[in-house]
Each structure stands twice: as structure tokens, then as C-alpha cells.
Amino acid sequence: MTTQLTKFDELDFFKVRNNLKEFLSSRVEFQDHNFEGAVWSSMLDMMAYATAYTGLHSNMALSEAFLDSAQLRSSVVSRAKEQNYFPR
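For every chain, the first residue of its written sequence is number 1, and the numbers climb from 1 along that sequence. This being a predicted model, a pLDDT of at least 70 is required before a residue's local features are given, and a value of 80 or more before pairs of side-chain atoms are given or counted; all residues contribute to the totals for chains, interfaces and linings. The basis for every side-chain value is the complete set of non-hydrogen atoms in the structure, without hydrogens or water.

Asker: So what about the overall build of the protein? Which residues, and what values?
Answerer: Strands here are runs of E lasting at least two residues and helices are runs of H or I lasting at least four, both read from the DSSP assignment and numbered beginning at the N terminus. Of regular secondary structure, the protein possesses three helices and zero strands. Starting at the N terminus, the α and β elements of the protein follow one another as α-α-α. For every residue, the accessible area (1.4 Å probe, protein chains only) is compared with the maximum for its type, and the residue is labelled buried under 20%, exposed over 50%, or partly exposed between those bounds. Counting only residues that meet the buried cut, the protein has 22% of its 88 residues in that class.

Have a look at this one:
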């Protein structure tokens, strides 16, 4: 069981949810809680969704910041202008 909340290198919803559940169940104040109950399950789903969504959004935003991995034309044009290349 983990005692620190550090395992968020995956963007998979279910892995993030399980990591949150492990973290909370390892805490002393939550030892007697049932994390499969309706309220806890909803809370874990919301936290996992927010974490996965934020990670995915950050990854997409960062990939558009580099010329090699940009997929949007506006991002490519913007990065090309920074290198003194002006596409038609």
C-alpha cells in the first residue's frame, strides 16, 4: 500500500482510480471506510476523471508547443514563425 500520492504517471482512468483508492485506504483516518459505497465510489470517479482529464489536456497542450509534435496548423505556423520561417 502506498502512503504517498505520487503514482500519477498514467492517464488511464481505472489506474488513477485504483491509486486514489489505495492511497485513501492506507490513511489511518479512512481505515474503516468502504470505498465501494455509493458516495465514496462517486467521489473516486470524479477525482479520477478530473486527474485523467487534466493529464490528457496538459499532454495535448504541451505537444502543441513543439514543432515536431504539433498537429494543428495554427500551432505549426506559430512555431515556424519563431524560427524566422514564414509559410504560405
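Asker: Pulling in residues and values, what's your account of the packing of aromatic side chains?
Answerer: What counts as a ring pair is set by centres within 6.5 Å for rings of Phe, Tyr and Trp (its six-membered ring), and what kind of pair is set by the plane angle: stacked under 30 degrees, edge-to-face over 60, tilted for all other angles. All told, the structure shown has four aromatic pairs when counted by the stated rule. Pairing Phe35 with Trp40 gives two aromatic rings, centres 4.9 Å apart and planes at 70 degrees, and the pair type is edge-to-face. Judged by its relative accessible area of 21%, Trp40 is partly exposed. Among the aromatic residues, ring-to-ring pairing joins Phe30, Phe35 and Trp40 into one connected group.

Asker: Run through helix α3 (residues 73-82), naming residues and quoting values.
Answerer: Spacing of three or four residues puts side chains on the same side of an α-helix, whose turn is 3.6 residues. Burial in α3 covers these residues: Ser75, Val77 and Ala80. Where α3 terminates, the next one or two residues include Asn84, which has phi positive at roughly 60 degrees.

Asker: Now, about helix α2 (residues 38-63): what can you tell me, with residues and values included?
Answerer: Compared with the 38 Å implied by 1.5 Å per residue over 26 residues, the 37 Å span of α2 between its first and last C-alpha is a close match. Regarding α2, the residues found buried are Ser41, Leu44, Ala48, Ala52 and Ser63. In what follows, a contact means two residues having at least one pair of non-hydrogen atoms within 4.5 Å. Each element contacted by the buried residues of α2 is listed here: α1 (13-26). To estimate the expected span of a helix, count its residues, drop one, and scale the result by 1.5 Å.

Asker: Describe in detail the environment of Ser78, supporting the description with residues and values.
Answerer: Here Ser78 is to be found in helix α3. For Ser78, a relative accessible area of 32% translates into the label partly exposed. Sequence separation between Ser78 and Ala65 is 13 residues; the distance between their C-alpha atoms is 9.2 Å.

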